Amino acid sequence: MEKKITIAIDGHSSCGKSTMAKDLARAIGYIYIDSGAMYRACTLFCMQQGLILADGTVDAAALESLMPQIEVSFRLNAATGRPDTYLNGKNVEADIRTMEVSSHVSPVAAIPFVRAAMTAQQQRMGADGGIVMDGRDIGTAVFPDAELKVFVTASDEIRATRRFDELKAKGENPVFAEVLANLRERDRIDSTRAVAPLRRADDAIVLDNSHITIDEQKQWLLDRFHERISTLTEQP
Ligand code: CDP
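Note that the structure is predicted; figures quoted are calculated from it, not measured. Each chain has its residues counted from 1, running along the sequence as written. Reporting of local features is limited, given that this is a predicted model, to residues whose pLDDT is at least 70; pairs of side-chain atoms are given and counted only at 80 or more, and all residues count toward the totals for whole chains, interfaces and linings. Excluded from the side-chain calculation are hydrogens and water; included are all heavy atoms of the structure.

Considering the overall build of the protein chain
Counting from the N terminus, the helices are DSSP H or I runs at least four residues long and the strands are E runs at least two residues long. Secondary structure summary: the protein chain contains nine helices and eight strands in total. Scaling as 2.2 N^0.38, a compact globule of 236 residues should have a C-alpha radius of gyration of about 18 Å, and the protein chain matches this with 17 Å. Taken over the C-alpha atoms alone, the protein chain extends approximately 60 × 40 × 35 Å along its principal axes. Within the protein chain, the fraction of its 236 residues that count as buried is 49%. Note on definitions: a residue-residue contact is assigned when non-hydrogen atoms from the two residues lie within 4.5 Å. Taking as baseline every contact in the protein chain between residues at least 6 positions apart, the subset at least 24 positions apart corresponds to 72%. For the protein chain, the exposed area adds up to about 11,300 Å²; of that, 53% sits on carbon and sulfur atoms. Only four residue types enter the tally: Lys and Arg on the positive side, Asp and Glu on the negative side; His and the chain ends are excluded. A charge is said to be at NZ when it belongs to Lys, at CZ for Arg, at CG for Asp and at CD for Glu. Taken together, the 28 basic and 34 acidic charged side chains of the protein chain have centroids lying 1 Å from each other. In this treatment the radius of gyration is a C-alpha quantity, and the globule benchmark scales as 2.2 Å times the residue count to the 0.38 power. In this scheme, a residue with accessible area under 20% of its type's maximum is buried, one over 50% is exposed, and one in between is partly exposed, where area comes from a 1.4 Å probe on protein chains only. All accessibility values rest on the Shrake-Rupley procedure with a 1.4 Å probe; residue burial counts only the protein chains present in the view.

Have a look at this one:
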């Protein structure tokens with residue numbers, strides 16, 4: 001049987017990484033893991049526990065002592081055919097996608113012990129290969145030996161428009177300028193944090209998807225996958 005590889009898809013906020021990662025996983029029969037959902041679930045936990053202080057900073061000392069109580073998992077939703085995110089046994093898929101969570105997630109994700117806990121869990125989930133994981137540090141820190149690495153980006157305005165439309169479709173009432181400011185601020189925090197900052201791995205293939213359709217993007221990724229598999233099988 002063909003060897004199952006590890007596929008790391010990283011990139012900027014709201015650039016459609018998860019859509020392409022999910023579609024690829026489904027097409028090739030791999031497991032899909034949304035690492036951003038795990039940081040979002042941790043952030044929701046902080047909000048529920050009152051750990052986000054009035055000035056927007058996180059009570060890291062309190063969070064560190066509560067960290068062992070955070071259990072994030074994924075379960076397939078039969079209706080959508082996609083995994084839903086669970087926080088301590090409760091389905092939080094919708095709750096983690098709000099603007100409020102988006103506005104607090106990057107400071108939470110910058111905390112070293114939060115990253116250590118999530119990274120360890122992600123490495124366990126992907127230990128046997130056959131996984132497509134998307135995020136910010138998958139190709140650089142979580143799976144530096146991944147056989148296929150992709151770094152996705154698109155212009156700020158296009159990314160903000162996509163996220164704005166997505167939030168609207170979900171019944172939220174987003175303000176475009178806020179969505180744009182949030183994604184720029186998250187990119188800034190994610191790229192400048194001390195631990196596992198967002199950056200392109202040296203061996204990642206770059207995709208700027210500003211002007212391509214979802215179908216074209218899907219095909220592009222599938223082609224990269226087959227290309228990589230054929231180079232691996234050609235090797236003695
Ligand atoms: O959906 P979007 O691309 O906007 O973000 P996401 O993938 O849901 O990730 C939300 C946030 O989690 C990011 O802005 C990062 O702060 C953090 N994150 C991270 O630090 N490392 C990852 N591997 C994935 C996400």
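What to know about the sheet that holds strand β6 (residues 131-135)
Criterion used throughout: strands pair if DSSP finds at least two bridges between them. Strand order in the open sheet made by the five strands is β2-β6-β1-β7-β8, with parallel pairing throughout. Two strands close off the open sheet at either side, each with one partner strand: β2 (31-34) and β8 (205-208). Shown here is a sheet whose adjacent strand axes are inclined to one another by a mean of 20°, direction ignored. Relative to strand β7 (residues 148-153), strand β1 (residues 6-11) runs parallel, the two sharing five bridges. Within β7, the residue paired with D10 across the bridge is F151. In the packing of helix α1 (residues 17-28) onto the sheet, contacts are made with β1, β2, β6, β7 and β8, and the angle to β6 comes to roughly 180°. The convention used is that axes are lines fitted to C-alpha atoms, helices contributing only their stretch in contact, and that angles between N-to-C directions extend from 0 to 180 degrees.

Points about unusual backbone geometry
A negative phi angle characterises most non-glycine residues, just as the trans form characterises most peptide bonds. A positive phi angle, near 55°, is found at S14, a position not held by glycine. Inspection of the secondary structure puts S14 in the loop between β1 and α1. Of note in the backbone geometry, A196 takes a positive phi value of approximately 45° without being a glycine. Among the secondary structure elements, A196 is positioned in the loop between α8 (176-192) and β8. Exposure remark for A196: the relative accessible area of 17% places this residue in the buried category.

Considering the pattern of salt bridges
By definition, a salt bridge exists where a carboxyl oxygen of Asp or Glu is found within 4 Å of a side-chain nitrogen of Lys or Arg. Per the counting criterion, the structure on display carries 17 salt bridges. One salt bridge in this structure joins E147 and K3, with 2.7 Å as the shortest N-O distance. Taken as a pair, E147 in the loop between α6 (138-142) and β7 and K3 in the segment before β1 lie far apart in primary sequence, 144 residues in all. Of the residues examined, K3 reaches a relative accessible area of 52% and is grouped as exposed. Overlapping salt bridges bring together D156, E157, R159, R184 and D187 as one network.

What to know about α1
Side chains that are three or four residues apart share a direction in an α-helix, a result of its 3.6 residues per turn. Over its 12 residues, α1 extends 17 Å from the first C-alpha to the last, a length consistent with the 16 Å expected when each residue adds 1.5 Å. Just beyond α1, the residue with positive phi is G29, at close to 75°. For a helix, the expected span equals 1.5 Å multiplied by the number of residues minus one.

Here we look at the packing of aromatic side chains
Aromatic contacts are taken between Phe, Tyr and Trp rings whose centres are within 6.5 Å, Trp giving its six-membered ring; a plane angle under 30 degrees counts as stacked, one over 60 as edge-to-face, and the others as tilted. Following the criterion strictly, the structure yields two aromatic pairs and no others. Between Y30 and F225 the ring centres are 5.8 Å apart and the planes differ by 85°, which places this aromatic pair in the edge-to-face class. Remark: F225 occurs in helix α9 (residues 214-234) and Y30 occurs in the loop between α1 and β2; sequence separation between them is 195 residues. Take Y30: its relative accessible area is 9%, and that puts it in the buried class. Considering the side-chain rings of F164 and F176, the 5.9 Å spacing of their centres and the 75° angle between planes classify their relative orientation as edge-to-face. Highlighted residues: F164 in helix α7 (residues 156-169) and F176 in helix α8, separated in sequence by 12 residues. Take F164: its relative accessible area is 17%, and that puts it in the buried class.

Everything listed here is a matter of geometry and, on its own, says nothing about what the molecule does.
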